[in-house]
Amino acid sequence: CEQALHADVPQGPFAYVLSLTRWDERAFTGGETIIMQPQVLDYWRGFDSSSGLEFSDLLTSVPARFNQLTVFDARLPHGVRRVEGTRE
């Protein structure tokens, strides 16, 4: 199970995720919310061909900690990393 990058522009100015996972007790991997870094949307303005880019330069990964509310700009592409492991 995963959710590919997308934007929720028509639904309003904010997107949110309420996490109900007891993160330290989970028996699976993945499930983090990933949010594109705002500067990626204007990528070519600050382009530097002399340096590489890693995951964390392009996306922010937010663990789904229990009872955590994550609110962000709905225009930023976001998704959920693939969840793998037990379904209990």
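Our subject is the structure listed above.
Here goes a summary of the coordinates provided. (Residues numbered from 1 in each chain as written. Predicted model: local features only at pLDDT ≥ 70, side-chain atom pairs only at ≥ 80, totals over all residues. Heavy atoms only, no water.)

**Points about the overall build of the protein**
Then, number 1: Along its length, the protein carries one helix and eight strands.
Then, number 2: In the protein, the succession of helices and strands from N to C terminus is β-β-β-β-α-β-β-β-β.
Then, number 3: Along the longest, intermediate and shortest principal axes, the C-alpha atoms of the protein span 45 × 30 × 20 Å.
Then, number 4: For the protein, the residues scored as buried account for 25% of the 88 residues in total.
Then, number 5: Taking all contacts inside the protein whose residues are at least 6 apart in sequence as the whole, residues at least 24 apart take part in 83%.
Then, number 6: Carbon and sulfur atoms provide 52% of the accessible area of the protein, an area that totals close to 6,600 Å². (Helix = DSSP H or I, 4+ residues; strand = E, 2+ residues; numbered from the N terminus. Buried < 20%, exposed > 50% of the residue type's maximum accessible area, 1.4 Å probe, protein only. Contact = heavy atoms within 4.5 Å. Areas by Shrake-Rupley, 256 points an atom, 1.4 Å probe, with all protein chains shown as cover.)

**Looking at the sheet that holds strand S4 (residues 33-36)**
Then, number 1: Across the sheet, which stays open at both edges, the four strands sit in the order S1-S7-S4-S5 with antiparallel pairing between neighbours. One side of each edge strand has no neighbouring strand; the edge strands of this open sheet are strand S1 (3-6) and strand S5 (59-62). Each neighbouring strand pair of the sheet contributes to a mean axis angle of 15°, computed without reference to strand direction.
Then, number 2: The pairing of S1 with strand S7 (residues 78-80) spans two bridges and is antiparallel. Note that in S7 the partner of Gln3 across the bridge is Val80. (Pairing = 2+ DSSP bridges. Axes fitted to C-alpha atoms, helices over the stretch in contact; angles between N-to-C directions.)

**Observations regarding the pattern of salt bridges**
Then, number 1: Enumeration according to the criterion identifies three salt bridges in this entry.
Then, number 2: Between Glu2 and Arg82 there is a salt bridge, with the nearest N and O atoms lying 2.5 Å from each other. Of this pair, Glu2 sits in the segment before S1 while Arg82 sits in the loop between S7 and strand S8 (84-85), and the two are 80 residues apart along the sequence.
Then, number 3: By relative accessible area, which is 46% here, Glu2 ends up partly exposed. (Salt bridge = Lys/Arg side-chain N within 4 Å of Asp/Glu carboxyl O.)

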